[in-house]
Amino acid sequence: MELYTPVLVLAALAAGFAVFSVGVSTLTGPKRYNRAKLDSYECGIDPTPQPVGGGRVPVKFYTVAMTFIIFDVEIMFLVPWAVHFDALGGFGLLAVVLFLVNITVAYAYEWRRGGLDWD
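On a predicted model such as this, the values are computed, not experimentally measured, just so you know. (Residues numbered from 1 in each chain as written. Predicted model: local features only at pLDDT ≥ 70, side-chain atom pairs only at ≥ 80, totals over all residues. Heavy atoms only, no water.)

**Re the overall build of the protein chain**
The helix and strand tally for the protein chain stands at five helices and zero strands. In sequence order, the protein chain lays out its α and β elements as α-α-α-α-α. Per-residue burial over the protein chain gives 6% buried out of 119 residues. When the accessible surface of the protein chain is totalled, it reaches about 10,800 Å², and 71% of it is carbon and sulfur. (Helix = DSSP H or I, 4+ residues; strand = E, 2+ residues; numbered from the N terminus. Buried < 20%, exposed > 50% of the residue type's maximum accessible area, 1.4 Å probe, protein only. Areas by Shrake-Rupley, 256 points an atom, 1.4 Å probe, with all protein chains shown as cover.)

**Remarks on helix α5 (residues 85-113)**
In this model, α5 (29 residues) spans only 34 Å end to end at C-alpha, well below the 42 Å of a helix rising 1.5 Å per residue. Where α5 bends most, at Phe91, the angle is about 75°. Of the residues making up α5, those classed as buried are Gly92, Val96 and Ile103. One or two positions beyond α5, positive phi appears at Gly114, with a value near 90°. (Expected span 1.5 Å × (residues − 1). Bend = angle between axes of the 7 residues up to and from the residue.)

**A closer look at the UniProt feature "transmembrane region" (unreviewed entry) in the protein chain**
As recorded in UniProt, the feature "transmembrane region" (unreviewed entry) lies at residues 6-27, 61-83 and 89-109. Measuring from the first to the last C-alpha atom of residues 6-27 gives 31 Å, for a span that is 100% helix and 0% strand. (UniProt positions renumbered as here; feature names shortened; annotations may be inferred.)

**A look at the confidence of the model for the protein chain**
Looking at the protein chain, pLDDT values average 83 and 85% of them are 70 or higher. Helix α2 (residues 35-38) is the least confidently modelled element of the protein chain, averaging 72 in pLDDT, while helix α1 (residues 5-28) averages 96, the highest of any element. (pLDDT = per-residue confidence, 0-100.)

**Concerning the packing of helix α3 (residues 59-76) against α5**
Viewed as axis vectors pointing N to C, α3 and α5 meet at an angle of 165°, and their least axial separation amounts to 11 Å. Between α3 and α5, the crossing angle belongs to the class labelled roughly antiparallel. Seen from above, α3 lies across α5 with left-handed handedness. Residues Thr67, Phe71, Glu74 and Ile75 of α3 form the contact with α5, whose participating residues are Phe99, Ile103, Ala106, Tyr107 and Glu110. When its residues are assigned to classes, the contact of α3 with α5 shows six nonpolar, one polar and two charged. (Axes fitted to C-alpha atoms, helices over the stretch in contact; angles between N-to-C directions. Parallel < 35°, antiparallel > 145°, perpendicular 65-115°, else oblique. Left-handed = near helix turned anticlockwise from the far one by under 90°. Contact = heavy atoms within 4.5 Å. Nonpolar A, V, L, I, M, F, W, Y, C, P; charged D, E, K, R; others polar.)

**Points about a nonpolar patch on the surface**
Taken together, the side chains of Met66, Phe68, Ile69, Ile70, Val73 and Phe77 present a nonpolar region at the surface, about 610 Å² in accessible area. Tracing the backbone shows Met66 in helix α3. (Patch = residues over 30% accessible without salt bridge, like charges linked within 9 Å, V, L, I, M, F, W, Y side chains within 5 Å. Salt bridge = Lys/Arg side-chain N within 4 Å of Asp/Glu carboxyl O.)

Next comes the structure, spelled out in structure tokens:
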């Protein structure tokens, strides 16, 4: 248990700091609420009126976000290969080339389907 004592102390300090910061900000912060502050913010443009019950959100927003996440995570798999490039040899090179071919095929498919066009 001795080895975990510094980790537990640091976790307790971090949790205490977080609780203290939130508590102090709620006690000392301004409490002037108005309609403009409670409205949703859409990049400085007046919010689009929504029908009662929420309305529909275009699926394009979600597909662009998922495309970004998928390709971002796939590219992050290249970091360990780049770090240990010398130690992996021919097998590592072949694995990364096949991985890059796979990413390129997925990227070309997404491009051809129009998933990267923002229209």
